[in-house]
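Structural overview
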Amino acid sequence: MNMHINSIRYNNSLVDGPGIRTILFMQGCDIHCPGCQNASTWDINKGKVVDVKDLADELNKNVFNKKITISGGEPLLQKESLLELVKLLEKYEFDIAVYTGHQKEEVPEELIKHIKYLKTGNFIKDLKTTVKAYVGSINQEFEEVKE
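All values reported here derive from a predicted model rather than from experimental measurement.

Counting through the fold element by element, F94 comes out in the loop between α2 (79-91) and β5 (95-99). The residues contacting F94, other than those within four sequence positions of it, are L59, N60, V63, K66, K67, I68 and L89.

This part covers the pairing of strand β2 (residues 21-26). Among the 6 residues in β2, 6 count as buried, and that is most of the element. Bridge analysis of strand β1 (residues 2-13) against β2 gives 5 bridges, and the strand direction is antiparallel. Bridging from a neighbouring strand, S13 pairs with R21 of β2. Judged from the 4 bridges that link them, β2 and strand β4 (residues 67-71) form a sheet pairing that is parallel. Across the sheet, residue I23 finds its bridge partner in β4, namely T69.

Tallying each qualifying case throughout the model produces 3 aromatic pairs. In this structure an aromatic cluster arises from ring pairing among Y99, Y117, Y134 and F142.

Ordered by their spatial adjacency, 7 strands build an open sheet running β3-β1-β2-β4-β5-β6-β7, and the pairing between neighbours is mixed. The sheet terminates laterally at β3 (48-51) and β7 (141-144), the two strands that pair on one side only. Averaged over all pairs of adjacent strands, the angle between strand axes in this sheet comes to 30°, irrespective of strand direction. As defined by bridge partners, strand β6 (residues 117-120) adjoins β7 across 4 bridges and the pair is classed as antiparallel. Among the inter-strand pairings, L118 is bridged to a residue of β7, identified as E143.

Turning our eyes to something else, we now look at the nonpolar core. Core analysis: the largest hydrophobic core is formed by 27 residues, its most contacted members being M3, L24, I70, L85 and I96. The biggest single contributor to this core is α2, with 6 residues. Contact partners of L24, with chain neighbours within four places excluded, come to M3, I5, S7, I8, L55, I68, T69, I70, S71 and L85. Core analysis: the second largest hydrophobic core is formed by 5 residues, A97, Y99, Y117 and V135 among them.

Moving on, we get to the layout of surface pockets. Space inside the largest pocket adds up to approximately 810 Å³. Sorting the residues of the lining of the largest pocket by element identifies β1 and β2 as the ones contributing at least two each. Per-class residue counts for the lining of the largest pocket are 13 nonpolar, 18 polar and 7 charged.

This next bit is on unusual backbone geometry. Note that the residue after G72, namely G73, is joined by a cis bond; omega there is 15°. By the secondary structure assignment, G73 is in the loop between β4 and α2. With phi around 50°, N11 is a residue other than glycine that occupies positive phi space. Residue position: N11 is located in strand β1. Positive phi is not limited to glycine here, since E93 has a value of about 65°. Take E93: its relative accessible area is 68%, and that puts it in the exposed class.

The rules behind these values
- What you see as residue numbers is a count from 1 along each chain, following the sequence as written.
- In view of the model being predicted, local features appear only for residues whose pLDDT reaches at least 70, and side-chain atom pairs are presented and counted only at 80 or more, with totals across whole chains, interfaces and linings using the full set of residues.
- Just so you know, side-chain values use all the structure's heavy atoms and leave hydrogens and water out.
- Per the convention used, a helix needs a DSSP run of H or I reaching at least four residues, while a strand needs a run of E reaching at least two, with both numbered from the N terminus.
- Contact between two residues is taken to exist if any of their heavy atoms lie within 4.5 Å; hydrogens are not considered.
- Remark: exposure states derive from per-residue accessible area (1.4 Å probe, protein chains only) relative to the maximum for the residue type, with buried under 20%, exposed over 50%, and partly exposed in between.
- Paired strands are those between which DSSP finds at least two bridges.
- Each aromatic pair joins two rings of Phe, Tyr and Trp (for Trp, the six-membered one) with centres within 6.5 Å, and gets the label stacked for planes under 30 degrees apart, edge-to-face for over 60, and tilted for any other angle.
- Axes here mean lines fitted to C-alpha atoms, for a helix over just the part in contact, with angles spanning 0 to 180 degrees between N-to-C directions.
- Take the buried residues of types Ala, Val, Leu, Ile, Met, Phe, Trp, Tyr and Cys, join any two whose side-chain atoms come within 4.5 Å, and each joined set is a nonpolar core.
- Definitions used throughout: a 1 Å grid over protein atoms alone; a cavity as a set of points that fits a 1.4 Å probe which cannot get out; a pocket as an open set with protein on both sides within 12 Å along at least five of seven lines; a lining residue as one with an atom within 4 Å of a point.
- Grid points are joined across faces, edges and corners, and a volume is the space filled by probe spheres set on the points.
- The classification used treats Ala, Val, Leu, Ile, Met, Phe, Trp, Tyr, Cys and Pro as nonpolar, Asp, Glu, Lys and Arg as charged, and all other residues, Gly among them, as polar.

Printed below as a string of structure tokens:
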């Protein structure tokens, strides 16, 4: 199965979930929040197409602490490949966070079963925050969904 990705930032984020995290930016978004910091990820056709198994193997090899945040774009735009990826990463014992602009009730339960953290809610420019951990605007929620 293939997935459209924008980029991978290895082992350098302190603001996208607990600990030092690698960020996988998926390509493609159907929400288009005004003021989005990742507008370059909206057009799915501008991304790089990768094989999900190859991507999981690459991440396993290069993420020193097994902490990853999957962001976008909008990860739920590619639900099937996202689910395949998190299942593979779970087998490699990754600590997985998924950032979505959707509400929690729109996130498939099958996905939630395989991740540790979930950030939900669309970005609202007028509600931007720099003091609420791991989110961009105060309407968004970041929660641990599995201990």
